[in-house]
Amino acid sequence: MPKILVTNDDGIYSNGIRAAVKAISNLGEVYVVAPLFQRSASGRAMTLHRPIRAKLVDVPGAKIAYGVDGTPTDSVIFAIARFGDFDLAVSGINLGENLSTEITVSGTASAAIEAATHGIPSIAVSLEVAWGKTLGEGEGIDFSVASYFLKRTAHALLGRGLPDGVDMLNVNVPSDATPETEITITRLARKRYCPTVEERIDPRGYSYYWIVGRKTETFEPGTDAYALKVERKVSVTPINIDMTASVDFEELRRILLGKT
């Protein structure tokens, strides 16, 4: 029976991770390891300056589930050290989409990337929701359609694997999707947010700062953001964790050495 790891960055008590477990529980033996608390936008951060602690948590449908007081990446490392190799890793279902090259900021996508570095085929799956609901536990959110596409994708990967050169899939499901919504294969958009710093003054007169971002509203056709935001399709982006640019190395060498 396949061993499947489920993790996320919204925390082990998120309804999204429980929906993910329910969706794939009949595909294999499901192990859950996820942060105890919300760790969105943690990227591939790893806890090295202190020990991490783990707590057994009851997650229906899971063989065993641990919440760790660390990051999504910590969770994947803990799972592999504790339970050995896995046939598939699933990160999600995330509250809010994860689009563009900024998936390297996403704890959801980064957990899948971490699993992929260990040779585990991985899926990061995110559901578009209103901004105000992205930092909660998913109360009142319908995960049924996202669960349908997750199960469909997981079943395909367990049966056929990923193509050569693909380490993980980044899946984004529109909030208004139905099981009949079209799936489209996309590339990453260049940018989703234009971040800046907003200065404010506390009651004692000291400055403090929020990192805020203005959303990009124009997207290039063929990208994940265009598929989700304009076409209202389920976006599936194949990701290769080797970020080496596909360039002529000799040309770059000539540029660096000043040769013509």
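To keep things clear, this report deals only with the structure shown in the data block. (Residues numbered from 1 in each chain as written. Predicted model: local features only at pLDDT ≥ 70, side-chain atom pairs only at ≥ 80, totals over all residues. Heavy atoms only, no water.)

Topic: the environment of Ile 120
- Looking at where Ile 120 falls in the secondary structure, it is placed in the loop between helix H3 (107-117) and strand E6 (122-127).
- Take Ile 120: its relative accessible area is 1%, and that puts it in the buried class.
- Separated by 31 residues in the primary sequence, Ile 120 and Ala 89 have C-alpha atoms spaced 6.5 Å apart.
- Beyond its immediate stretch of four places on either side in the chain, Ile 120 contacts Ile 80, Asp 85, Phe 86, Asp 87, Leu 88, Ala 89, Ala 115 and Asp 167. (Helix = DSSP H or I, 4+ residues; strand = E, 2+ residues; numbered from the N terminus. Buried < 20%, exposed > 50% of the residue type's maximum accessible area, 1.4 Å probe, protein only. Contact = heavy atoms within 4.5 Å.)

Quick word on the pattern of salt bridges
- By the definition in use, this model includes 13 salt bridges.
- Across the salt bridge formed by Glu 29 and Lys 63, the nearest N and O atoms sit 3.6 Å from each other. Of this pair, Glu 29 sits in strand E2 (residues 29-35) while Lys 63 is found in the loop between strand E3 (54-56) and strand E4 (64-68), placing the two residues 34 residues apart along the sequence.
- The closest approach of N and O atoms between Glu 250 and Arg 253, which form a salt bridge, is 2.4 Å. Taken together, the residues span about one helical turn, with Glu 250 and Arg 253 both in helix H6 (residues 249-257) at a distance of 3 residues.
- The exposure class of Glu 250 is partly exposed, given its relative accessible area of 44%.
- Each of Glu 97, Glu 128, Asp 176, Lys 229 and Arg 232 takes part in salt bridges that share partners, so that together they form one network. (Salt bridge = Lys/Arg side-chain N within 4 Å of Asp/Glu carboxyl O.)

Section: the nonpolar core
- Counting 42 residues, the largest nonpolar core has Val 6, Ile 24, Val 32, Ile 93, Leu 150 and Val 173 as its most contacted members.
- Contact partners of Val 173, with chain neighbours within four places excluded, come to Ser 126, Leu 127, Glu 128, Val 145, Ala 146, Phe 149, Leu 228 and Val 234.
- Membership of the second largest hydrophobic core comes to 15 residues, among which are Val 68, Val 76, Ala 79 and Ile 80. (Core = buried A, V, L, I, M, F, W, Y, C linked by side-chain atoms within 4.5 Å.)

Some details on unusual backbone geometry
- A cis amide bond, omega 0°, links Gly 92 with the succeeding residue Ile 93.
- Along the chain, Ile 93 turns up in strand E5 (residues 88-95).
- With a phi close to 70°, Ser 100 is a non-glycine residue in the positive phi region.
- Among the structural elements, Ser 100 can be located in the loop between E5 and H3.
- Positive phi, normally seen in glycine, also occurs at Arg 232, with a value near 60°.
- Summarising the element assignment, Arg 232 is placed in the loop between helix H5 (224-231) and strand E11 (234-239).
- For Arg 232, a relative accessible area of 26% translates into the label partly exposed.

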